Amino acid sequence: MAERRTRQKIAVLTVLDEAQAPLSPAQIQTRAQHYVPTIGQATVYRILKSLLEREAISTVQLPGESPLYEMAGKRHHHFFRCRGCEQMYEVVGCDTLLKRLVPPGFALEAHEVYLLGLCAECRRRQ
Ligand SMILES: [Zn+2]
Ligand SMILES: [Zn+2]
């Protein structure tokens, strides 16, 4: 039983580590089934909860949507959200000009930026 749990947890961590973008629990489950075919949705949620508590993973929250999950401790990054395939893509870099938007006398502590549009593949299909 303990061994089975360990294999399931390693499968979830492997999936998140290999992912190029944050994943939904359903995507994590599908990919984790390559390693542990019997892994169920409730198990995936339980593992995600315990990994979050240990701060091994973090959530990516878009307004009005369910959270997605990625490995914790990545360097500062942003996302491109495709409205065609609804995939999230990680983008490299950050626009430091954002600081100019801060009103005088205010102290900026963090920012979240999501780029919205169509990915290259969805553009081609149009
Ligand atoms: Zn797309
Ligand atoms: Zn940034």
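Just above, that's the structure.
Description of the structure in this document.

## Some details on the coordination of the zinc ion (ligand 2)
For a metal bound by four donors in tetrahedral geometry, the ideal donor-metal-donor angle is 109.5 degrees, whereas six donors in octahedral geometry ideally sit at 90 or 180 degrees.
Alright, step 1. Distances from the zinc ion (ligand 2) to its protein donors, H76 (NE2), H78 (NE2), C94 (SG) and H111 (NE2), fall within 1.9 to 2.2 Å.
Alright, step 2. Every donor counted, the four donor atoms about the zinc ion (ligand 2) form angles of 102 to 116° at the centre, which fits tetrahedral coordination.
Alright, step 3. Mapping the donors of the zinc ion (ligand 2) onto the primary sequence gives the spacing H-x1-H-x15-C-x16-H. Of the two residues, C94 is situated in the loop between β4 (88–91) and β5 (114–117) and H111 in the loop between β4 and β5; the sequence distance between them amounts to 17 residues.
Alright, step 4. Judged by relative accessible area, C94 falls into the partly exposed class, the value being 35%.
Alright, step 5. On the basis of relative accessibility, which here comes to 28%, the residue H111 falls in the partly exposed class.

## What to know about the coordination of the zinc ion (ligand 1)
Alright, step 1. Those donors, C82 (SG), C85 (SG), C119 (SG) and C122 (SG), are the protein atoms that reach the zinc ion (ligand 1), and they lie 2.3 Å from it.
Alright, step 2. Of note is the zinc ion (ligand 1), whose four donor atoms meet at the metal with angles of 104 to 117° in an arrangement that counts as tetrahedral.
Alright, step 3. When the donor residues of the zinc ion (ligand 1) are listed from N- to C-terminus, their spacing reads C-x2-C-x33-C-x2-C. Taken together, the residues span a long stretch of sequence, with C85 in the loop between β3 (78–82) and β4 and C122 in helix α4 (residues 120–125) at a distance of 37 residues.

Cut-off values and rules
- Residues numbered from 1 in each chain as written.
- Chains lettered and ligands numbered in written order.
- Predicted model: local features only at pLDDT ≥ 70, side-chain atom pairs only at ≥ 80, totals over all residues.
- Heavy atoms only, no water.
- Donors = N, O, S within 2.8 Å, 3.2 Å for Na, K, Ca; no water.
- Tetrahedral: all angles 85-135°; square planar, octahedral: opposite > 155°, others 65-115°.
- Helix = DSSP H or I, 4+ residues; strand = E, 2+ residues; numbered from the N terminus.
- Buried < 20%, exposed > 50% of the residue type's maximum accessible area, 1.4 Å probe, protein only.

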